[in-house]
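Below, each chain spelled out in residue letters.
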Amino acid sequence: MRTFLLVRAVLAVLAVMPAVAARAETPADFLRSFETAARQEQAGFAGFSAARGADFFNSTHGREWSCASCHTRNPATTGRHAKTEKPIAPLAPAANAERFAQADKVEKWFRRNCNDVLGRTCTSAEKGDVLTYLMSLR
Amino acid sequence: MNTTKRFCLILALAGVTVPAGMAVAGEHVYTISDPTYQAECASCHIAYPPRLLPARSWRALMSGLDKHFGTDASLDPPTAARIAAFLEQHAGRDRTGSSAPVLRITETRWFVHEHDEVPARVWNSPQVKSAANCTACHVDGDKGNFNEHGIRLPK
């Protein structure tokens with residue numbers, strides 16, 4: 001009985017492993033998938049720009065908040081939620097290894113925050129510019 | 001406000017930190033320990049204790065996450081359903097006496113009563129800014145501990 005349970009436990013762990021491995025991604029992985037999508041969305045797409053990303057990040061887009069309202073103009077440092085004052089861990093991957101490591105989180109936060117800042121979803125080119133900027137920070 | 005509470009508030013206002021050891025176990029200490037609730041809701045604000053709102057308030061909140069007090073806090077439906085179940089299971093009694101569900105903890109009669117002796121200068125302090133910022137005074141509020149002895153008012 002005990003051996004049977006052990007075998008079942010090992011099988012259960014093995015079954016979960018590929019899913020876990022597939023979910024862990026790097027910022028460079030996200031950049032590549034944004035690039036693939038940007039090429040499809042935008043004819044004549046000519047690559048991402050950290051400078052354009054920084055400008056996008058620090059600007060308001062016809063609404064009250066910019067990305068920097070919560071993440072600050074130095075996203076390698078701890079931010080603060082513009083409404084609740086709750087500290088927000090650094091966004092730049094160099095300062096926080098948990099950023100841009102999980103596809104579902106990246107999707108969720110771009111969806112929510114682009115909606116708050118721009119009132120629409122972000123294009124893949126915008127996401128790629130911002131990530132290029134964030135990856136340039138040390 | 002009872003005598004103990006008044007005493008602690010006076011000490012806190014005088015800048016005296018009341019030792020945590022004085023805390024009465026179980027008093028204003030709430031369950032917030034659901035990993036999904038913590039992971040999803042405690043990014044933008046602390047995990048507010050479910051008991052501080054009745055079930056129908058949580059239901060209303062969880063069905064309007066895409067317009068959550070001026071921000072988009074939308075979740076995928078299975079995650080939202082899991083969190084809603086936890087919140088409703090640990091919700092407080094409905095003592096609001098209001099026909100429409102109260103959506104802000106700060107607008108419940110209970111909250112107003114509990115904070116009736118907090119002076120305006122504390123609310124307006126740059127370290128507080130928002131009544132949603134519980135941990136500005138309730139130092140262990142993010143752990144569900146709102147015991148009077150754990151209150152430290154900003155200078």
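Above: the structure in question.
Residues numbered from 1 in each chain as written. Chains lettered and ligands numbered in written order. Predicted model: local features only at pLDDT ≥ 70, side-chain atom pairs only at ≥ 80, totals over all residues.

Focus: the overall build of chain B
Summing up its helical and strand segments, chain B has six helices and zero strands in all. Reading chain B from its N end, one meets helices and strands in the order α-α-α-α-α-α. (Helix = DSSP H or I, 4+ residues; strand = E, 2+ residues; numbered from the N terminus.)

With respect to the interface of chain A and chain B
Where the parts come together, the accessible area they lose is often given as the size of the interface. Contacts between chain A and chain B engage nine residues on the former and eleven residues on the latter. Of the residues contributing to the side of chain A that touches chain B, the split by class is no nonpolar, three polar and six charged. (Contact = placed C-beta atoms within 7 Å. Nonpolar A, V, L, I, M, F, W, Y, C, P; charged D, E, K, R; others polar.)

Digging into the packing of helix α2 (residues 27-41) of chain A against helix α6 (residues 124-136) of chain A
Residue and element names in this part refer to chain A. At their nearest, the axes of α2 and α6 sit 8 Å apart, and the two run at 150° to each other. Taken together, the axes of α2 and α6 lie roughly antiparallel to each other. Here the hand of the crossing between α2 and α6 comes out left-handed. Two secondary-structure elements touch here, α2 through P27, F30, L31, F34, E35, A37, A38 and E41 and α6 through S124, A125, K127, G128, L131, T132 and M135. (Axes fitted to C-alpha atoms, helices over the stretch in contact; angles between N-to-C directions. Parallel < 35°, antiparallel > 145°, perpendicular 65-115°, else oblique. Left-handed = near helix turned anticlockwise from the far one by under 90°.)

Considering the packing of helix α3 (residues 55-62) of chain B against helix α4 (residues 77-89) of chain B
All names here are of chain B. Where α3 contacts α4, the two axes come as close as 9 Å, and the packing angle between them is 165°. As summarised for this structure, α3 and α4 are arranged roughly antiparallel, according to the angle between their axes. Helix-helix and strand crossings are classified by hand; for α3 and α4 the assignment is right-handed. Along its contact with α3, which presents A55, W58, R59 and M62, the element α4 presents A80, I83, A84, L87 and E88. Taken together, the residues of the contact of α3 with α4 break down into seven nonpolar, no polar and two charged.

Focus: the nonpolar core
Residues and elements named next belong to chain A. One finds F30, F57, V130, L131, Y133 and L134 to be the most contacted residues of the largest nonpolar core, which totals 20 residues. Only α2, α3 (50-58), α5 (103-118) and α6 provide two or more residues apiece to this core. Non-local contacts of V130, meaning those with residues more than four positions away in its chain, are made with G53, F56 and F57. (Core = buried A, V, L, I, M, F, W, Y, C linked by C-beta atoms within 7 Å. Buried ≥ 20, exposed ≤ 12 C-beta atoms within 10 Å, placed from the backbone.)

Some remarks on α2(A)
Residues and elements named next belong to chain A. For α2, spanning 15 residues, the distance from its first C-alpha to its last is 21 Å, which sits close to the expected 21 Å at 1.5 Å a residue. Restricting attention to buried positions, one finds in α2 the residues F30, F34 and A38. Within α2, the buried residues cover an arc of 70° as seen down the axis, which keeps them to one side. Opposite its buried face, α2 presents the exposed residues A28, T36 and Q40, each directed more than 90 degrees away. Looking at the packing, one finds that the buried side of α2 touches α5 and α6. (Expected span 1.5 Å × (residues − 1). Arc of directions from axis to C-beta.)

Describing unusual backbone geometry
Positive phi, normally seen in glycine, also occurs at F100(A), with a value near 50°. Here F100(A) falls in the buried class, since 23 other C-beta atoms lie within 10 Å of it. One non-glycine residue, F69(B), lies in positive phi territory at about 50°.

Quick notes on α6(A)
Between its first and last C-alpha, α6(A) extends 18 Å over 13 residues, near the 18 Å set by a 1.5 Å rise per residue. Close packing links the buried residues of α6(A) with α2, α3 and α5 of chain A.

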